[in-house]
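Below, each chain spelled out in residue letters.
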Amino acid sequence: MKAVYVMLVGLCMVCMSAVGANAGDDVKSKVKGKWEINIPDAPYGYQDYAVEIKEKNNEIVLNLSGGDINIKDQKFVEKEGKLTANLYVGEYVKVTIWEEDGVVKGMADTSMGKLSCHFKKAKK
């Protein structure tokens, strides 16, 4: 009985250390920073943006500028490992951001259909 107890305690310790080691592996920590975003299938003048994703008051917010669009502190909601928000850019667009195999990706669901967003870390 004592051996079973020791094994259970050991298993619990391993599980707790694994959770602590992966605490920073969530999508929020991977997308924070300054980005250059290109949306190749968007209309001319709406393809390139400068974006900063940061945490403010325990929420992920986005600042976006490019063309004639300037959005400040747009809140994102995390669900199933993805961040989503509805941005108004002349029309409401549902934007989804996620991390896949170490690469940040995005999709804009617009009246023109779904447009892929290409993320590139901004140069300092």
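Above: the structure in question.
Residues numbered from 1 in each chain as written. Predicted model: local features only at pLDDT ≥ 70, side-chain atom pairs only at ≥ 80, totals over all residues. Heavy atoms only, no water.

Novice: An account of the nonpolar core is requested, with residue identities and associated values reported.
Specialist: Among the nonpolar cores identified, the biggest contains 26 residues, and I37, V51, I53, F76, I97 and F119 are the most heavily contacted of them. Ignoring any residue separated from it by four or fewer positions in sequence, one finds I37 in contact with Q47, D48, Y49, V51, C117, H118 and F119. (Core = buried A, V, L, I, M, F, W, Y, C linked by side-chain atoms within 4.5 Å. Buried < 20%, exposed > 50% of the residue type's maximum accessible area, 1.4 Å probe, protein only. Contact = heavy atoms within 4.5 Å.)

Novice: So what about the packing of aromatic side chains? Which residues, and what values?
Specialist: Applying the stated criterion to the full structure yields two aromatic pairs. Aromatic side chains W35 and F119 sit 5.6 Å apart centroid to centroid with 80° between the ring planes, which places their arrangement in the edge-to-face category. Taken together, the residues W35 in strand β1 (residues 33–38) and F119 in strand β9 (residues 113–121) connect sequence positions 84 residues apart. No difference in accessibility class separates W35 from F119, as the two residues are buried. (Phe/Tyr/Trp six-rings, centres within 6.5 Å; stacked < 30°, edge-to-face > 60°. Helix = DSSP H or I, 4+ residues; strand = E, 2+ residues; numbered from the N terminus.)

Novice: Quick rundown of the layout of surface pockets? Include the residues and the values.
Specialist: Of the volumes computed, that of the largest pocket is approximately 390 Å³. Surrounding the largest pocket, 23 residues form its lining, I39, Y49, V89, V93 and A108 being those nearest its centre. For the lining of the largest pocket, the secondary-structure elements that each account for two or more residues are β2 (48–56), β3 (59–66), β7 (92–100), β8 (103–110) and β9. Residues that form the lining of the largest pocket fall into these classes: 20 nonpolar, two polar and one charged. (1 Å grid on protein atoms, 1.4 Å probe; cavity = no way out; pocket = protein on both sides within 12 Å on 5 of 7 lines; lining within 4 Å. Points joined across faces, edges and corners; volume = space filled by probe spheres on them. Nonpolar A, V, L, I, M, F, W, Y, C, P; charged D, E, K, R; others polar.)

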